[in-house]
Amino acid sequence: HTHYFSCVMLYLFSESNDVGVKEQVTRVLLERLILHRPHPWGLLITFIELIKNQRYAFWSYSFTRCATEIEKVFESVARSCMPPTGSQRSTVTAGGDE
């Protein structure tokens, strides 16, 4: 069920032509990630896939940068979800694997 839910959320994000739907999917995932740990693995996998896979162009949407505080929250959550690598900032803001 977890894999199915993850695929549905990613499908909704990628196939919707309405930015409001993309923002709502992101909001639901982010609200769950801001809460105390441990996070369900499906939630982590879905969010990491969303921010890293260039297919979703996550960082190109204006709702990820609508306010400095929101942008910082996204970057902070992204850093905490992804394993440490050489340059986290460039990986997070680029939205893909480098």
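The written sequence of each chain sets the order in which its residues are numbered from 1. The model is predicted, so local features are restricted to residues of pLDDT at least 70 and side-chain atom pairs to those at 80 or more, both for listing and for counting; the totals for chains, interfaces and linings are taken over all residues. Side-chain measures here rest on the full set of heavy atoms in the structure, leaving out hydrogens and waters.

Attention shifts here to the overall build of the chain. When you go through the chain residue by residue, the secondary structure sums to 5 helices and 0 strands. Residue pairs in contact within the chain that sit at least 24 positions apart in sequence constitute 54% of those at least 6 positions apart. For the area figures, the Shrake-Rupley method with a 1.4 Å probe applies, and any residue is considered shielded solely by the protein chains shown. Total accessible area on the chain stands at roughly 6,300 Å², and carbon and sulfur atoms take up 56% of it. Elements are defined by DSSP. Helices are runs of H or I of four residues or more, strands are runs of E of two residues or more, and each kind is numbered from the N terminus. The contact criterion used is simple: two residues touch if any of their non-hydrogen atoms lie within 4.5 Å.

Should pLDDT be low for a region, the predicted coordinates there are not to be read in detail. Overall, the predicted model of the chain reaches an average pLDDT of 81, with 82% of residues at or above 70. Mean pLDDT across the secondary structure elements of the chain bottoms out at helix 5 (residues 88–94), with 43, and peaks at helix 1 (residues 2–15), with 94. pLDDT expresses, on a scale from 0 to 100, how confident the predictor is about each individual residue.

What follows concerns helix 2 (residues 19–34). Take the number of residues in a helix, subtract one, and multiply by 1.5 Å to get its expected span. The terminal C-alpha atoms of helix 2 lie 22 Å apart, and with 16 residues this matches the ideal 22 Å at 1.5 Å per residue to within 8%. Only protein chains enter the area calculation, which uses a 1.4 Å probe; residues under 20% of their type maximum are buried, those over 50% are exposed, and those in between are partly exposed. Within helix 2 the residues assigned to the buried category are Lys-22, Val-25, Thr-26, Leu-29, Leu-30 and Leu-33. Down the axis of helix 2, the buried set is contained in an arc of 125°. They therefore lie on one face. Of the residues flanking the start of helix 2, the one acting as N-cap is Asp-18, its side-chain oxygen 2.9 Å from the backbone nitrogen of Gly-20. It is the directions from the helix axis to the C-beta atoms whose arc is reported. For this analysis, a polar contact is any N or O atom pair within 3.5 Å, provided that within protein one partner can donate a hydrogen and the other can accept it, and provided that sequence-adjacent residues contribute only side-chain to side-chain pairs.

The subject of this paragraph is the packing of aromatic side chains. Geometry of an aromatic ring pair is reported as the spacing of the ring centres plus the angle between the planes. In this scheme Phe, Tyr and Trp rings, the latter by its six-membered ring, pair at centre separations within 6.5 Å, and the angle between planes marks the pair as stacked below 30 degrees, edge-to-face above 60, and tilted otherwise. Considering all chains together, one arrives at 7 aromatic pairs under this definition. For the pair Phe-13 and Tyr-61, a centre-to-centre distance of 5.7 Å together with 90° between the ring planes defines the contact as edge-to-face. Separated by 48 residues along the polypeptide, Phe-13 in helix 1 and Tyr-61 in the loop between helix 3 (41–52) and helix 4 (68–81) bring together distant segments of the chain. Here Tyr-61 falls in the buried class, since its relative accessible area comes to 18%. Centroid distance Phe-58 to Phe-63: 6.3 Å. Interplanar angle 80°. Geometry classified as edge-to-face.

Take the buried Ala, Val, Leu, Ile, Met, Phe, Trp, Tyr and Cys residues and link them wherever side-chain atoms come within 4.5 Å; each set so joined is a nonpolar core. Counting 19 residues, the largest nonpolar core has Phe-13, Phe-47, Leu-50 and Phe-58 as the members making the most contacts within it. For this core, the elements supplying multiple residues, two or more each, are helix 1, helix 2, helix 3 and helix 4. Beyond its immediate stretch of four places on either side in the chain, Leu-50 contacts Leu-10, Phe-13, Thr-26, Leu-29, Tyr-56 and Phe-58.

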